[in-house]
Amino acid sequence: MNNILQFLFYILIFPGFAFCVVAGLLIAGIDRKLVARMQKRIGPPILQPTYDFLKLLGKETIIPRHAARKVYLAAPVVGLLSLVTVSLFIPIFNFSIFDKPVADLIVIIYLLTIPGVALIIGGSASGSPYAGVGISREMVAILSYELPLVIVLLTIGRKVGMALDGNITFSLKAIVDYQAQYGPMIAQWSMIPAAIALLLVIPCKVGSLPFDIAEAEIEICEGPLVEYSGPPLGIFKLNHAIKMFIMTSLFVTLFLSGAGTNFVALNVLIQFALAVVVTFISISVLKAITARLRVEQTFKFYWTYPTALALLSLVLVWLGL
Amino acid sequence: MNRRLNNELRNTNRTVSSSLEEPIHAKLYTEGEIIKDAEVFIGYNHRGIEKLATQKNFIQTLALVERVCGICSHSHPFTYAMAIENIAQMEVPKRGQYIRVIMAELERLHSHTLWLGLACHLIGFDSMFMHIWDFREKIMDILEEISGNRVNYGMIIIGGSRRDINDDMRRKVNEMLDSLEVDIIKMRDMLLADKTIAMRTKNVGVLPYEDAIRIGTIGPHGRASGVNVDVRKDAPYSCYDEFDFEVPVVQDGDVFARVVIRVLESVESIKIIRQALENLPEGPINLGNKLPKVPAGEFTARHEAPRGEVIYYVNTDGGQTNYRISIHVPTFKTASTVPFMLKNNTIADAGLIIASIDPCFSCLDR
């Protein structure tokens with residue numbers, strides 16, 4: 001009984017649903033404020049994404065006549081659930097919901113693809129030509145960033161695995177324990193290219209400039225989201241915000257983790273603060289200094305620079321550096 | 001989505017309407033992301049200004065044509081006044097002409113910076129957009145300092161200018177120009193050096209010289225394709241022959257060339273304004289504000305507006321109203337090139353390409 005209650009707490013409150021929503025909306029608000037300041041604007045209040053989300057929840061849902069109704073409504077929820085599930089897997093310093101090492105890195109790779117796939121399914125269910133263009137772009141985006149992302153995770157797994165048993169590990173807990181013992185991963189020079197590669201993957205993963213090709217509002221009216229309204233649109237926006245937090249938090253866990261303190265609440269605050277820093281570097285600054293790339297330029301970019309950086313790290317790690 | 005569009009979806013490969021926030025309907029026939037063909041539909045903003053002008057007297061028409069367009073709201077009354085002055089054979093005082101030119105060039109400056117900001121917004125470069133529009137406020141301040149207005153300046157009267165530029169104002173405007181020039185030079189260096197802007201605009205929406213000549217495009221859009229036409233140089237009017245300035249011409253014909261042209265023209269405009277302010281002749285600014293007596297006659301006046309050549313054909317019958325006025329605006333000529341430029345580009349660039357002609361649909365549909 002106690003166990004079930006504890007798991008319900010994990011899933012619904014922390015580190016699951018409620019925590020994700022609060023952290024995601026906050027980080028989205030902070031990002032908007034930071035970008036605004038860099039653009040000589042005052043910017044919206046930090047809570048603006050929260051207000052937007054709450055407002056959308058109270059709006060009418062209009063379903064296009066040609067839409068596949070069930071799929072259309074289910075897509076955003078599927079995306080949200082997968083993100084909440086990912087959040088359960090990510091350890092925050094010494095806090096993890098698992099006691100033993102499990103192969104959760106592989107699960108995360110799969111689960112992180114689902115929000116993108118949900119966007120594709122929802123867009124194609126809406127039956128709009130703009131969505132048609134948007135989903136084909138989203139597919140190319142997924143193809144582009146998956147490769148460097150997987151290589152980065154592989155590199156980290158190998159690095160930690162070599163220290164443990166000379167093999168490769170896919171456990172985030174093992175990675176965090178390793179960092180608690182040897183210091184943050186970023187301090188090892190052979191991992192720096194991989195860290196840069198992951199920093200470059202984050203903007204495409206969360207769909208922010210210069211890689212927001214799938215939802216380019218100016219070009220294709222937000223693509224897959226063009227027909228969405230009301231709560232489903234709100235949930236998609238929420239997904240977007242949570243994805244920002246999850247990706248930056250994953251970066252913190254993979255590269256900036258350490259022993260942490262004995263207080264979970266303090267650890268969470270440190271994790272969040274570091275996630276804000278990562279957001280600033282990889283999302284806000286990039287958003288402020290670049291123009292939107294075209295889809296083929298995005299593809300070319302990801303299969304050259306981030307992939308090369310990640311491979312460099314992998315080779316270095318394999319050589320035992 | 002209405003039924004007609006759905007039928008078209010079935011019949012053709014796929015049609016997408018460009019998502020530009022202007023009353024133009026560009027229907028794109030696409031294969032994946034590539035535009036195979038395009039059609040442009042115009043005329044959504046018709047207000048019957050030419051007909052209305054036949055019922056107004058010459059002073060009222062000035063106020064009317066000023067409202068043809070919000071951005072080039074000086075070019076229209078300027079050209080109309082030139083036509084009436086020619087029919088009535090009025091000699092416009094030099095000082096009035098200089099003030100007209102100063103306003104025309106300030107208008108070119110604010111129009112070009114407006115477009116450069118919008119172009120940055122269209123390729124998703126919102127920071128540049130914000131910065132450009134930030135210093136564009138300085139131009140608006142100068143316009144307000146001189147005319148008292150930000151949009152419809154009301155500076156033109158038949159036979160001269162309505163407001164004078166006194167010495168105090170001249171000094172102030174000169175100071176503002178100094179800080180503006182720094183900003184424009186900075187903008188020029190940033191726009192021409194930025195890598196993502198080049199990635200998004202080079203070899204996009206190319207209009208070769210031959211096509212540009214064949215379709216008959218004009219203005220900065222034509223000059224970006226190597227068509228060296230500029231009424232200010234080719235057929236100097238008002239007092240443009242008294243200033244020393246260049247007409248930049250670029251051969252590439254892509255969107256980047258259009259950015260370059262407008263940046264270079266902004267620099268030239270500042271040069272003209274400085275000369276005009278420095279050599280501002282003494283004397284009256286107009287011939288009085290009474291309703292002029294205009295004999296029967298006709299005249300075609302031309303002026304290089306920010307978007308290209310604007311032509312006013314005015315026909316009078318000796319009465320107090322226009323018998324007929326006909327307005328030819330540059331956007332009509334430049335908009336005809338859009339389907340040619342769109343072909344074989346991607347949907348991602350469609351909005352940018354349509355916007356690259358610096359369209360003004362309120363002029364176009366008047």
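Residues numbered from 1 in each chain as written. Chains lettered and ligands numbered in written order. Predicted model: local features only at pLDDT ≥ 70, side-chain atom pairs only at ≥ 80, totals over all residues. Heavy atoms only, no water.

(A) Geometry of the overall build of chain B. Across its full length, chain B carries 16 helices and 8 strands. On C-alpha atoms alone, chain B measures out to a radius of gyration of 21 Å, which is about the 21 Å that the 2.2 N^0.38 rule sets for 366 residues. Along the longest, intermediate and shortest principal axes, the C-alpha atoms of chain B span 65 × 45 × 35 Å. A burial count over chain B gives 60% of its 366 residues as buried. Counting every atom, chain B has about 14300 Å² of accessible surface; 49% of that belongs to carbon and sulfur. Within chain B, the 49 negative side-chain charges are centred at a point lying 5 Å from the centre of the 43 positive side-chain charges. (Helix = DSSP H or I, 4+ residues; strand = E, 2+ residues; numbered from the N terminus. Rg over C-alpha atoms; globule rule 2.2 N^0.38 Å. Buried < 20%, exposed > 50% of the residue type's maximum accessible area, 1.4 Å probe, protein only. Areas by Shrake-Rupley, 256 points an atom, 1.4 Å probe, with all protein chains shown as cover. Lys, Arg positive; Asp, Glu negative; His and termini not counted. Charge placed at Lys NZ, Arg CZ, Asp CG, Glu CD.)

(B) Expanded view of the sheet that holds strand β8 (residues 322-328) of chain B. Residues and elements named next belong to chain B. One open sheet accounts for 3 strands, arranged β6-β7-β8; its pairing is antiparallel. Every other strand in the sheet has two partners, leaving β6 (296-305) and β8 as the edge strands with one partner each. Averaged over all pairs of adjacent strands, the angle between their axes in this sheet comes to 10°, without regard to strand direction. As paired elements, strand β7 (residues 308-317) and β8 share 6 bridges and run antiparallel to each other. Across the sheet, residue T316 finds its bridge partner in β8, namely N322. Those strands touched by helix α3 (residues 58-66) are β7 and β8, and its axis lies near 25° from that of β8. (Pairing = 2+ DSSP bridges. Axes fitted to C-alpha atoms, helices over the stretch in contact; angles between N-to-C directions. Contact = heavy atoms within 4.5 Å.)

(C) Molecular detail of the pattern of salt bridges. Residues and elements named next belong to chain B. Counted according to the given criterion, the structure contains 28 salt bridges over all chains. Of the charged contacts in the structure, one is a salt bridge between E242 and K94, with a shortest N-O distance of 2.8 Å. Here K94 lies in helix α5 (residues 94-122) and E242 lies in the loop between α11 (231-234) and α12 (255-278), a separation of 148 residues in the sequence. For E242, a relative accessible area of 35% gives the class partly exposed. The class for K94 is partly exposed, based on a relative accessible area of 39%. Among the salt bridges present, the one from R108 reaches E105, with a minimum N-O distance of 3.1 Å. In this pair, R108 and E105 are both assigned in helix α5, 3 residues apart and thus about one turn of the helix distant. (Salt bridge = Lys/Arg side-chain N within 4 Å of Asp/Glu carboxyl O.)

(D) Region of the structure containing the environment of S87 of chain A. Residue and element names in this part refer to chain A. Here S87 is to be found in helix α4 (residues 69-89). Relative accessible area serves as the criterion here: at 4%, S87 is assigned to the buried category. Separated by 46 residues in the primary sequence, S87 and V133 place their C-alpha atoms 30 Å from one another. If we ignore the near neighbours within four places in the chain, the residues touching S87 are P15, G16, C20 and I246.

(E) Layout of the side chain of T316 of chain B. Residues and elements named next belong to chain B. Note that T316 resides in strand β7. Among the residues examined, T316 registers a relative accessible area of 3% and is labelled buried. There is a polar contact of 2.8 Å between the side chain of T316 and the backbone oxygen of P295. Setting aside anything within four residues of it in sequence, one finds T316 in contact with F58, I84, I87, V294, P295, A296, G297 and Y323. (Polar contact = N/O pair within 3.5 Å; in protein donor to acceptor, adjacent residues only side chain to side chain.)

(F) View of the packing of aromatic side chains. Residue and element names in this part refer to chain B. In the structure shown here, the tally under the stated rule is 16 aromatic pairs over all chains. The structure contains a cluster of three or more aromatic residues connected by ring pairs, namely F78, Y98, Y237, Y240, F243 and F245. If you follow R262 out to its NZ or CZ, it ends over the ring of W115, 4.3 Å from the centre. (Phe/Tyr/Trp six-rings, centres within 6.5 Å; stacked < 30°, edge-to-face > 60°. Lys NZ or Arg CZ within 6 Å of the ring centre and 35° of its normal.)

(G) Expanded view of the packing of α5 of chain B against helix α7 (residues 167-193) of chain B. All names here are of chain B. It is at 13 Å that the axes of α5 and α7 come closest, and there the two elements cross at 35°. Crossing geometry of α5 relative to α7 is assigned as left-handed. Residue-level contacts link L109, L116 and C120 of α5 to L180, I184, M187 and L191 of α7. Of the residues that constitute the contact of α5 with α7, the class distribution is 7 nonpolar, no polar and no charged. (Left-handed = near helix turned anticlockwise from the far one by under 90°. Nonpolar A, V, L, I, M, F, W, Y, C, P; charged D, E, K, R; others polar.)

(H) Seen up close, the UniProt feature "transmembrane region" (unreviewed entry) in chain A. Residue and element names in this part refer to chain A. UniProt annotation of "transmembrane region" (unreviewed entry) refers to residues 6-30, 71-93, 105-127, 139-157, 186-204, 244-263, 269-289 and 301-320 when read in the numbering used here. The annotated region residues 71-93 carries 83% helix and 0% strand content, and the separation between its end C-alpha atoms amounts to 38 Å. Here residues 269-289 runs as 100% helix and 0% strand, with 29 Å between its end C-alpha atoms. (UniProt positions renumbered as here; feature names shortened; annotations may be inferred.)

(I) Examining the nonpolar core more closely. Core analysis: the largest hydrophobic core is formed by 107 residues, its most contacted members being Y80 and L106 of chain B. With 13 residues, the top contributor of residues to this core is α5 of chain B. Among all residues touching L106 of chain B, those that are not within four sequence positions of it are I139, I142, L143, I146 and I273 of chain B. In terms of nonpolar packing, the next biggest core, distinct from the first, is built from 81 residues, L149, L172, L199 and M244 of chain A among them. (Core = buried A, V, L, I, M, F, W, Y, C linked by side-chain atoms within 4.5 Å.)

(J) Looking closely at the confidence of the model for chain B. All names here are of chain B. With 94% of its residues at a pLDDT of at least 70, chain B reaches an overall mean of 83. When pLDDT is averaged over each element of chain B, helix α4 (residues 75-87) comes out on top at 90 and helix α1 (residues 3-11) at the bottom at 40. Segment residues 1-13 is flagged for pLDDT under 50; beyond a separation of four residues in sequence, or across chains, it makes 13 contacts in the model. Interface confidence for the predicted complex, expressed as ipTM, amounts to 0.72; the pTM equals 0.80. (pLDDT = per-residue confidence, 0-100.)

(K) Local environment of the UniProt feature "domain: NADH-quinone oxidoreductase subunit D" (unreviewed entry) in chain B. All names here are of chain B. The positions UniProt marks with the feature "domain: NADH-quinone oxidoreductase subunit D" (unreviewed entry) are residues 123-287 and 292-366. Along residues 123-287, the helical share is 58% and the strand share 2%, with 48 Å between the first and last C-alpha atoms. Structurally, residues 292-366 comprises 33% helix and 36% strand, and the distance from its first C-alpha atom to its last is 26 Å.

(L) The packing of helix α10 (residues 230-256) of chain A against helix α11 (residues 264-289) of chain A, seen in detail. Residues and elements named next belong to chain A. Two elements in contact, α10 and α11, have axes separated by 8 Å at closest approach and are oriented at 105°. With respect to each other, α10 and α11 are oriented roughly perpendicular. Taken together, the residues of α11 that come into contact with α10 (itself represented by M244, F245, T248, S249, F251, V252, T253 and L256) are Q271, F272, L274, A275, V278, T279 and I283. Class assignment for the residues of the contact of α10 with α11 results in 10 nonpolar, 5 polar and no charged. (Parallel < 35°, antiparallel > 145°, perpendicular 65-115°, else oblique.)

(M) Quick peek at a nonpolar patch on the surface. Residues and elements named next belong to chain A. Taken together, the side chains of I4, L5, F7, L8, F9, I11, L12, I13 and F17 present a nonpolar region at the surface, about 820 Å² in accessible area. The element contributing the most residues to the nonpolar patch is helix α1 (residues 2-12), with 7 residues. With respect to the helices and strands, the residue I4 is situated in helix α1. Owing to a relative accessible area of 54%, I4 belongs among the exposed residues under this scheme. (Patch = residues over 30% accessible without salt bridge, like charges linked within 9 Å, V, L, I, M, F, W, Y side chains within 5 Å.)

(N) Quick look at the UniProt feature "binding site: Mg(2+)" (unreviewed entry) in chain B. Residues and elements named next belong to chain B. Here, the residues flagged by UniProt with the feature "binding site: Mg(2+)" (unreviewed entry) are E50 and I327. Sequence-wise these annotated residues cover 278 residues; spatially they are packed, their C-alpha atoms never more than 7.3 Å apart. Excluding its chain neighbours within four sequence positions, the residues that come into contact with E50 are R324, I325, S326, I327 and R366. Only 3.4 Å separates the side chain of E50 from the side chain of R324, close enough to count as a polar contact. With respect to the element layout, I327 can be found in strand β8. By relative accessible area, I327 is classed as buried at 1%.

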